[in-house]
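The primary structure of each chain is shown beneath.
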Amino acid sequence: MRECHGIPGEFTLEGRKGWCLVSSEKHTDVQKRPQAGFSRRGFIRGVGLGGGAVGATIFQSTAEAAPPAPAALGPGEVAITLSINGKEHKLNVEPRLTLLDALRERLNYTGAKKVCDRGTCGACTVLLDGKAVYACSILAIDAQGRNIQTVEGLSQGSELHPVMRAFVNNDAQQCGYCTPGFVVAVKAFLDENPKPTYEQVKDGLGGNLCRCGTYVGIRKAVLEAAQARR
Ligand code: FES
Ligand code: FES
């Protein structure tokens, strides 16, 4: 196969015609050959620049379309308002403060207990808009605008909540450390399951642990409270 020195095509050598198929960019003539107005390298460079420009345009329009990023909070304290048991509390907290620590350490609501502090035992259970949640696993700033209910807010003055009364009647506590969390969890459970079976009670309270093992008494208390609420 013959080299074409950059120009594949027909050639004449010593009176004979032939075709060359392989170009050689090493040839000086080819290297010196005037470049067309639109070279391959120039094209690639142009596409690269064009691509960059297109990319930049897309990026810009995407950035323009995106909603504005929320303002960063912290690490210093920020002013928040918490609605707890129907009462508004204004306080300054670091954004990293959990709802449990805000309740216990800053606002003196000590009913919710800190045991595992990592969303496992249920001792810190409170109600957020009526749903049982682990207060140790929620930031205080995220609880703003929500209706927070702690065990302190369940009884009416000296009148015990039916769930509390049932716990007393069924001797459903030993050390009592898990009890406030259980009482709150039971209230949320009965609000959703007013007529539970024993098995449903067992499953429904699976998010709360009692290290003293008073589960039988607790389950009986739940069934009694369910009766009392009808
Ligand atoms: S202290 Fe919150 S789940 Fe254990
Ligand atoms: S009564 Fe002691 S942990 Fe439940």
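The structure reproduced in this document is the subject of the present report. Model, not experiment: these values are computed from the prediction. (Residues numbered from 1 in each chain as written. Chains lettered and ligands numbered in written order. Predicted model: local features only at pLDDT ≥ 70, side-chain atom pairs only at ≥ 80, totals over all residues.)

1. Let's talk about the overall build of the protein chain
Working step 1: Within the protein chain, the regular secondary structure consists of seven helices and seven strands.
Working step 2: Its helices and strands taken in sequence order, the protein chain reads β-β-α-α-β-β-α-β-β-β-α-α-α-α from the N to the C terminus.
Working step 3: Excluding contacts between residues fewer than 6 apart, the proportion of contacts in the protein chain whose partners are at least 24 apart in sequence is 53%. (Helix = DSSP H or I, 4+ residues; strand = E, 2+ residues; numbered from the N terminus. Contact = placed C-beta atoms within 7 Å.)

2. Some points on the packing of helix H4 (residues 162-169) against helix H7 (residues 215-228)
Working step 1: For the pair H4 and H7, interaxial distance at closest approach is 8 Å and the crossing angle is 135°. Taken as axis vectors, H4 and H7 run oblique relative to one another. Regarding H4 and H7, the two cross each other, and that crossing is right-handed. Across the interface between the two elements, Pro162, Val163, Ala166, Phe167 and Asn169 from H4 touch Ala221, Glu224, Ala225 and Ala228 from H7. (Axes fitted to C-alpha atoms, helices over the stretch in contact; angles between N-to-C directions. Parallel < 35°, antiparallel > 145°, perpendicular 65-115°, else oblique. Left-handed = near helix turned anticlockwise from the far one by under 90°.)

3. Comments concerning the nonpolar core
Working step 1: Formed by 47 residues in total, the largest nonpolar core has its most connected members in Leu99, Ala112, Ala135, Ala140, Val183, Val186 and Ala225.
Working step 2: Elements with a contribution of two residues or more to this core: strand E3 (78-84), helix H3 (99-106), strand E5 (125-128), strand E6 (131-134), H4, helix H5 (179-192) and H7.
Working step 3: At seven residues, H5 tops the list of elements feeding residues into this core.
Working step 4: The contact partners of Val186, leaving out residues within four places of it in the chain, are Val163, Leu205, Val222 and Ala225. (Core = buried A, V, L, I, M, F, W, Y, C linked by C-beta atoms within 7 Å. Buried ≥ 20, exposed ≤ 12 C-beta atoms within 10 Å, placed from the backbone.)

4. Some details on H5
One turn of the α-helix equals 3.6 residues, which is why residues spaced by three or four share an orientation.
Working step 1: Taking 1.5 Å per residue as the helical rise, H5 with its 14 residues ought to reach 20 Å, and the 20 Å between its terminal C-alpha atoms agrees with that figure.
Working step 2: For H5, a buried count of 11 out of 14 residues is recorded, marking the element as mostly surrounded by other parts of the structure.
Working step 3: All of the buried residues along H5 are Thr179, Pro180, Gly181, Phe182, Val183, Val184, Ala185, Val186, Lys187, Phe189 and Leu190.
Working step 4: Close packing links the buried residues of H5 with E5, E6, H4, helix H6 (198-204) and H7. (Expected span 1.5 Å × (residues − 1).)

5. A short note on the environment of Leu127
Working step 1: Counting through the fold element by element, Leu127 comes out in strand E5.
Working step 2: With sequence-adjacent residues up to four places away left out, Leu127 is seen in contact with Ala132, Gln149, Val184 and Ala188.

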